[in-house]
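Commentary on secondary and tertiary structure
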Amino acid sequence: MSKFRIARYQIQMSNGVGLQQPFSAVLLSDLHNASYGDGNRVLLQAIRDEAPELIFVTGDMLISTQEPQMDVALALMEELAAQYPVYYVEGNHECKVRRYAKTDGLRYFDTLQDAGVHLLKNSCVRTELRNMPVTIWGLELPWRCYERFQKQELTAAQVGELLGESDRDRCNILLAHNPIYFEAYAEWGADLTLAGHLHGGAVRLPFLGGVITPQFQLFPKYDRGVFRLQDRQMVVSAGLGSHSTLLRINNPTELVVLDLI
Ligand SMILES: [Fe+2]
């Protein structure tokens, strides 16, 4: 892999307070073990150039074949975790590795934790961005949420069963691999959801956007970019790699940079 675009979004943090100074973060998603230059040096340099204060990862960084392809992703995560706080939620590929891979696949998760990555599995970390109390949540979606051809329901109540209640007096940032449940995330209490998974819809058409998802559903509503439901927001990455539908037309891979204000 040689090229990706930088997708830059300015996000007004909710509850009307805002941050005293802008806060920069990057969002990595769906790398699928790709490398931009040897040892991902091109990607690492692009991240350093943005001088982020933290890194969000929304899953599918590896490829879940029976012998998982993960060494490129692992090396990248170790390098990043040595320099930045990293908050990581698993995608369907990590989930599949846990379910089906031989034991060797599990070293992926041990290595992430040893490197200091905050691996959020239906859990949260409470912290502050500037003056703002923030809770960073990671939702591990049930496996049925990745079934092919049809959308399975997921309600706000079911999100609550997995995560517990959102924090009323804090800004809730939710990492959730699959964006198609934005309504449920928003109703549960996510002020800002970060997601990926849909690879921008593989092929992008003028006016219609992304065409197909990795689950072979057509014309996904939340394919890439920023979406809003009242005061709730979601940023969806088109991803840094490809898998399932390897096709990408009019749909470059991307590094997402978030300017939180
Ligand atoms: Fe995915």
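First things first, this report covers the structure right here in the doc. Treat the numbers as computed from the prediction; the structure is a model and nothing was measured.

Thresholds, definitions, all that
- All residue numbers here refer to positions counted from 1 along the written sequence of the relevant chain.
- Side-chain atom pairs in this predicted model are given and counted only at pLDDT of 80 or more, local residue features only at pLDDT of at least 70, and totals for whole chains, interfaces and linings cover all residues.
- With hydrogens and water stripped out, all remaining heavy atoms of the structure feed into the side-chain values.
- Centres within 6.5 Å make a pair out of two Phe, Tyr or Trp rings, where for Trp the six-membered ring is used; the pair is then stacked when the planes are under 30 degrees apart, edge-to-face when over 60, and tilted otherwise.
- Burial classes follow relative accessibility: with a 1.4 Å probe on protein chains only, a residue under 20% of its type's maximum area counts as buried, one over 50% as exposed, and anything between as partly exposed.
- Only when the NZ atom of a Lys or the CZ atom of an Arg is both within 6 Å of the ring centre and within 35 degrees of the ring normal do we say a charge sits over the ring.
- Under the DSSP-based scheme used, a helix requires at least four consecutive residues in state H or I and a strand at least two consecutive residues in state E, with every element numbered from the N terminus.
- Distances define the donors: N, O and S atoms within 2.8 Å of the metal qualify, as do those within 3.2 Å of Na, K or Ca. Water is excluded, so some sites may look unfinished.
- The rule is simple: four donors are tetrahedral if all their angles sit between 85 and 135 degrees, four are square planar and six octahedral if opposite donors span more than 155 degrees and the others lie between 65 and 115, and anything that fits none of that is irregular.
- Put simply, a nonpolar core is a bunch of buried Ala, Val, Leu, Ile, Met, Phe, Trp, Tyr and Cys residues held in one set by side-chain atoms that sit within 4.5 Å of each other.
- Between two residues, a contact is recorded if the distance between any of their heavy atoms is within 4.5 Å.
- Following DSSP output, two strands are said to pair if at least two bridges run between them.
- Axes, fitted as lines to C-alpha atoms, cover a helix only where it is in contact. Angles between the N-to-C directions of the axes lie from 0 to 180 degrees.
- By definition, the arc is the one covered by directions from the helix axis to the C-beta atoms.

Scanning all chains against the criterion turns up nine aromatic pairs. Relative to Y185, the ring of Y181 has its centre 6.5 Å away and its plane inclined at 70 degrees; by these criteria the two rings are edge-to-face. Of the residues examined, Y185 reaches a relative accessible area of 0% and is grouped as buried. Summarising the aromatic geometry, the rings of Y222 and F227 are spaced 5.0 Å apart at their centres and angled 80 degrees between planes, so their arrangement reads as edge-to-face. Both residues of the pair, Y222 and F227, count as buried. Site record: aromatic cluster; members linked through ring pairs are Y88, Y108 and F109. Above the face of the F109 ring, R98 is positioned so that its terminal group lies 3.8 Å from the ring centre.

What follows covers unusual backbone geometry. Glycine aside, negative phi is the norm for most residues, and most peptide bonds take the trans geometry. Phi angles above zero are rare outside glycine, and A51 is one such case at about 45 degrees. Here A51 is to be found in the loop between helix 1 (41–50) and strand 3 (54–57). Even without a glycine there, the phi angle at D60 is positive, about 55 degrees. Relative to the assigned elements, D60 resides in the loop between strand 3 and helix 2 (71–81). Overall, D60 belongs to the buried group, its relative accessible area being 2%.

Surrounding the iron ion are the protein donor atoms D60 (OD), N92 (OD1), H177 (NE2) and H197 (ND1), at 2.0 to 2.2 Å. One can describe the site at the iron ion as irregular: its four donor atoms subtend angles covering 87 to 172 degrees at the metal. Each donor residue of the iron ion lies on one chain, and together they are spaced D-x31-N-x84-H-x19-H. Here the residue D60 occupies a position in the loop between strand 3 and helix 2, and H197 occupies one in the loop between strand 9 (192–195) and strand 10 (204–205), the gap between them amounting to 137 residues. The pair D60 / H197 is uniform in exposure class, with both members buried.

Moving on, we get to the nonpolar core. Ranked by size, the top nonpolar core spans 33 residues in total, and within it M61 and Y108 carry the most contacts. Of all elements in the fold, only strand 2 (23–28), helix 1, strand 3, helix 2, strand 4 (86–88), helix 4 (107–115) and strand 14 (254–260) reach the threshold of two or more residues within this core. At six residues, helix 2 tops the list of elements feeding residues into this core. Counting residues in each nonpolar core, the second largest holds 26 residues, with Y9, L19, Y87 and L192 among its members.

Attention now goes to the side chain of T58. When you line up the elements, T58 lands in the loop between strand 3 and helix 2. Owing to a relative accessible area of 0%, T58 belongs among the buried residues under this scheme. Filtering out sequence-adjacent residues up to four positions away, T58 remains in contact with L27, L28, S29, V89, L175, H177, L194, A195 and G196.

Hydrogen bonds between backbone groups are what pair the strands of a sheet, and the pairing can be parallel or antiparallel. With respect to topology, six strands assemble into an open sheet ordered 6-7-8-9-13-12, the strand pairing being mixed. Lying at the two open borders of the sheet, with one neighbouring strand each, are strand 6 (123–129) and strand 12 (225–229). This sheet shows a mean twist of 20 degrees between the axes of neighbouring strands, independent of strand direction. Pairing geometry for strand 6 and strand 7 (residues 132–139), over seven bridges, is antiparallel. The residue of strand 7 that forms the bridge with V125 is I136. Strand contacts of helix 5 (residues 156–163): strand 6, strand 7 and strand 8 (171–176), with the helix running at about 95 degrees to strand 7, the strand carrying the most contacts.

For helix 2, every residue scored as buried is listed here: A73, L74, L76, M77, L80 and A81. All buried residues of helix 2 lie within an arc of 165 degrees about the axis, which places them on one face of the element. Looking at the packing, one finds that the buried side of helix 2 touches strand 2, helix 1, strand 3, strand 4 and helix 4.

Regarding helix 4, the residues found buried are Y108, F109, T111 and L112. The buried residues of helix 4 occupy an angular sector of 160 degrees when projected down its axis, which confines them to one face. Following helix 4 by one or two positions, G116 has its phi on the positive side, about 95 degrees.

That is the geometry; function is a separate question.
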